Amino acid sequence: MTALAALIRRDIKIALRVGGGALIGVLFFLTVVVLMPFALGPDLALLTRLGPAILWLGALLASLLTLDRLFMADHEDGSLDLIVMSRTPLELTCAAKALAHWLAAGVPLILATPVLGLLLNLDATATAAVALTLLAGTPALTFTGMIGAALAVTLHRGGLLLAVLVLPLSIPVLIFGVAASQAAITGPLAFGTPFSILCALSLVSLVIGPFAAAASLRHGLD
Amino acid sequence: MTLIDLANPTRFLQLTARILPWLAAATAILLLVGLYQAAMAPDDYQQGATVKIMFIHVPNAWLAMFVWGVMSLAALGTLVWRHPLADVAAKAAAPIGAAFTFLALVTGSLWGRPMWGTYWEWDARLTSVLILFLMYLGLIALWRAVEDPSRAARAAAVLTLVGALNLPIIKFSVDWWNTLHQPASVLRMGGPSLDRSFLIPLLVMAVAFSLLFVTLHLAAMRNEILRRRVRSLQMMQASRRSA
Amino acid sequence: MRLSGSGVSCVRGGREVFSGLDFAVSAGEALAVTGRNGSGKTSLLRLIAGLLMPQGGSIGLEGGTGELTLPEQAHFLGHRDALKPALSVTENLAFWREFLGGEAFDLAECLAAVGLDHAAPLPAAFLSAGQRRRLSIARLLAARRPIWLLDEPTNALDTSGQAMFAALMDDHLARGGLIVAATHAPLGIAARELRIGGAA
């Protein structure tokens, strides 16, 4: 357990220090959301209607962008070799890395949501609904994205390949995340149904993600 | 006392140590005077007391742009003359500029709430300032992303100058994209349209905020110089002969 | 404790690097793997560390700690130093000590042993190549493992660094440890030589 705690502490520290990517993710999120009105036009009623979708897309792209370095940095400096050799099961190590990544890069996105909700003229209920669905859904994005990050590191390719691998995997999360937010704002569906499915997706990815990532790391390193 | 003397970081530290208290005092006095005058200014016949946000909002918005100008000059200093203080000046200015821009946005949206009924309206001017804010944040992210300050300085200088060239284009495009905001009322052809009872406090506040910027900027530059000295001392410490 | 391989062969990128390799090292012994560039020295170390799968043959450990696998009882010191420039020297070492687990050794003593005590609070970004190598070596001391797998361990080390490391390796062997090192340069300790890939 101390090994995992040490890993989580280290990853968060690196993300927050000079050169770390945690805050750049938030900045990217902000920029994507600000771009939307330029494409859609400044009609506030329209932006309010599309708000949850815009925020979800922004969060999805931002969390994908920062995932790129999840294993790549450790691979480049040789840490990954030692992590694979260690006495801690690789599945748990992967889960710990994903958790650290979510804490350093995912949580700031959720915290930024209220400000962005203001820009899109969402009222308090709508903003709270989006923030809540992001809180439930972003772990799923991180834990499924981790599989792509592990594949990318074993193939020595990052960036766009990662996006192409991971984006299709995150479609269900996007569907139920936006559906739950919309349900809370306009109805007619009950909020609980899509939200429970969203939570279920997160829980499933919590299990599948670490196993798939560990498997691809184990067989792909050379 | 020539410009060459100022260029020397040690001289700069000595000189600013003497100047800073006076600058800080002058800033405080002018701010007090400006705020008092602003409080005494009459209410607007349309907007009521809300109009007084203007005395904070407008100087902040001016400085948001002015600081980018200062950084552009510093960027020229970095790229053309490779001046050691220039990148310190550019780096120290970015967070302060971002803070002024943020305050301009916040006061603008507080002003907008009673006027437009929403905190945020995608009108041309607010939007331009928001883009300016994003550019400041991007610049700060760039400074933070690169470990070696002199390499970061050149990259940031290029970005600052490109930004300075791009800002008018962005402003024009956004204006074209949407205009709801009231037209410029102080700096426009045919003299100010603002009443003198508003104009004088506004100018006092503008000077006070400019002084505030100079004070903060000099203090931040001192910190940055000292931070770099600590860094080079640490590097010397690291390269000390291993036993 | 005895680490041995029989008939080990390795294929990388469709090319056979070596085949039919036999070796054995016992506790207290060092094995120096030599050979020309590209003969597969690093690959052999990575095979032992479990980071590569052998194409044929087997590698085994007798008499180690029962429930642990071979890689879990080994330290791997590779070309890349597994250091994070954003963290301080102490933070880097403290992380590996906690992550690798086991007995908690005093970090300051480990740093002093490799001659880095003066740099403890500084960011690892400020270290030179030789100092980074010294910090990686400190990792071998901060968490004890019986098997040391070393890939060109003396690279980037100056003469005093090489002497310091030779003394540390001797200590390790005297405590019943076991070393497999891929190397061009003499290690500075008594070691049997395993030459792979024919003449240099």
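Refer to the structure above for everything that follows.
Predicted, not measured: the structure shown is a model, and the values here were computed from it.

S.K.: Looking at this structure, how should I read the sheet that holds strand E5 (residues 74-77) of chain C?
M.R.: Pairing between the strands of a sheet comes from backbone hydrogen bonds, and it takes one of two forms, parallel or antiparallel. Residues and elements named next belong to chain C. A sheet is described by the order of its strands in space; here five strands give the open sequence E5-E6-E7-E3-E8, paired in parallel fashion. Edge positions in the sheet fall to E5 and strand E8 (192-195), since each has one partner strand and no second. Each adjacent strand pair in this sheet contributes to an overall mean axis angle of 15 degrees, direction not counted. Against the sheet, helix H1 (residues 41-48) makes contact with strand E3 (30-34), E5, strand E6 (147-151), strand E7 (178-182) and E8, and its axis sits at roughly 155 degrees relative to E6, the strand it touches most.

S.K.: Before we go on, may I ask you to explain helix H4 (residues 69-76) of chain A in this structure?
M.R.: Helical periodicity: at 3.6 residues per turn, an α-helix aligns residues three or four positions apart in one direction. Residues and elements named next belong to chain A. The set of residues buried in H4 consists of Leu70, Phe71, Met72, Asp74 and His75. Here the buried face of H4 lies against helix H1 (2-16), helix H3 (44-67), helix H5 (79-85), helix H6 (90-119), helix H7 (124-154) and helix H10 (192-220). Two residues or fewer past H4, Gly78 is found with a positive phi of approximately 90 degrees.

S.K.: Sorry, what's going on with the interface of chain B and chain A here?
M.R.: Size of an interface, as often reported, equals the accessible area lost when the parts are brought together. On the side of chain A, 18 residues touch chain B, which itself brings 19 residues to the contact. A combined buried area of about 1600 Å² lies between chain B and chain A, and 77% of that area is made up of carbon and sulfur atoms. Interface area lost by chain B to chain A is led by Trp122, Arg144 and Trp177 of chain B, which between them contribute 42%. Where chain B touches chain A, the interface holds zero salt bridges. Inspection of the chain B/chain A interface yields two residue pairs in polar contact (both at pLDDT 80 or more). Broken down by secondary-structure element, the contributors of at least two residues to the side of chain B that touches chain A are helix H5 (124-145) and helix H6 (149-177) of chain B. Tallying contributions element by element places H5 of chain B first for the side of chain B that touches chain A, with nine residues.

S.K.: Just checking my understanding: could you explain the pattern of salt bridges for this structure?
M.R.: Pairing between side chains of opposite charge can happen when the charged atoms of each approach one another. Tallying each qualifying case throughout the model produces 21 salt bridges over all chains. The closest approach of N and O atoms between Glu224 of chain B and Arg228 of chain B, which form a salt bridge, is 3.0 Å. Of this pair, Glu224 of chain B and Arg228 of chain B both sit in helix H7 (residues 196-238), four residues apart, which is roughly one turn of that helix. Pair check on accessibility: Glu224 of chain B and Arg228 of chain B agree, each one buried. The shortest N-O distance in the salt bridge between Asp81 of chain C and Arg132 of chain C comes to 2.8 Å. Of the two residues, Asp81 of chain C is situated in the loop between E5 and helix H2 (89-100) and Arg132 of chain C in helix H4 (residues 129-142); the sequence distance between them amounts to 51 residues. With relative accessibility at 15%, the residue Asp81 of chain C sits in the buried group. Residues joined in a network through salt bridges with shared partners are Arg10, Asp11, Asp74, Asp77 and Lys97 of chain A together with Lys84 of chain C.

S.K.: Got a minute to help me understand the packing of helix H4 (residues 84-116) of chain B against H7 of chain B in this structure?
M.R.: When two helices pack together, their arrangement is given by the angle between the helix axes and the distance between those axes. All names here are of chain B. In contact at an axis separation of 8 Å, H4 and H7 are set at 130 degrees when each is read in the N-to-C sense. Judged by the angle between their axes, H4 and H7 are oblique. The two elements H4 and H7 cross, and the hand of that crossing is right-handed. Contact with H4, carried on its side by Leu85, Asp87, Val88, Ala89, Lys91, Ala92, Ala93, Ile96 and Phe100, involves Phe209, Leu212, Phe213, Leu216, His217, Ala220, Met221, Glu224, Ile225 and Arg228 of H7 and no other residues of that element. For the contact of H4 with H7, the residue count by class is 14 nonpolar, one polar and four charged.

S.K.: Teacher, can you tell me more about the nonpolar core here?
M.R.: Generally speaking, nonpolar side chains in soluble globular proteins are found buried as a group. Membership of the largest hydrophobic core comes to 91 residues, with the highest contact counts inside it found for Phe29, Leu55 and Trp56 of chain A together with Phe55, Met71 and Trp122 of chain B. For Phe55 of chain B, the residues in contact, after removing those within four places along its chain, are Ala38, Ala41, Phe198, Pro201, Leu202 and Met205 of chain B. Of all hydrophobic cores here, the second largest spans 65 residues; its members include Ala6 and Ala214 of chain A together with Leu52 and Phe76 of chain C.

S.K.: Would you take a moment to explain the pairing of E3 of chain C for this structure?
M.R.: Residues in a regular strand project their side chains so that they alternate between the two faces of the sheet. All names here are of chain C. Where burial is concerned, most of E3 is hidden: five out of the five residues are buried. Residues Ala30, Ala32 and Thr34 of E3 are buried on one face, and the alternating residues Leu31 and Val33, pointing to the opposite face, are buried as well. Where E3 lies against E7, four bridges are found, and the strand directions are parallel. Its bridge partner being in E7, Ala32 is matched across the sheet by Ala181. Direction of pairing for E3 relative to E8: parallel, over a ladder of four bridges. Bridging across to E8, Thr34 finds its partner in Arg195.

Parameters and conventions
Residues numbered from 1 in each chain as written. Chains lettered and ligands numbered in written order. Predicted model: local features only at pLDDT ≥ 70, side-chain atom pairs only at ≥ 80, totals over all residues. Heavy atoms only, no water. Pairing = 2+ DSSP bridges. Helix = DSSP H or I, 4+ residues; strand = E, 2+ residues; numbered from the N terminus. Axes fitted to C-alpha atoms, helices over the stretch in contact; angles between N-to-C directions. Contact = heavy atoms within 4.5 Å. Buried < 20%, exposed > 50% of the residue type's maximum accessible area, 1.4 Å probe, protein only. Buried area = accessible area lost by both parts, 1.4 Å probe. Salt bridge = Lys/Arg side-chain N within 4 Å of Asp/Glu carboxyl O. Polar contact = N/O pair within 3.5 Å; in protein donor to acceptor, adjacent residues only side chain to side chain. Parallel < 35°, antiparallel > 145°, perpendicular 65-115°, else oblique. Left-handed = near helix turned anticlockwise from the far one by under 90°. Nonpolar A, V, L, I, M, F, W, Y, C, P; charged D, E, K, R; others polar. Core = buried A, V, L, I, M, F, W, Y, C linked by side-chain atoms within 4.5 Å.

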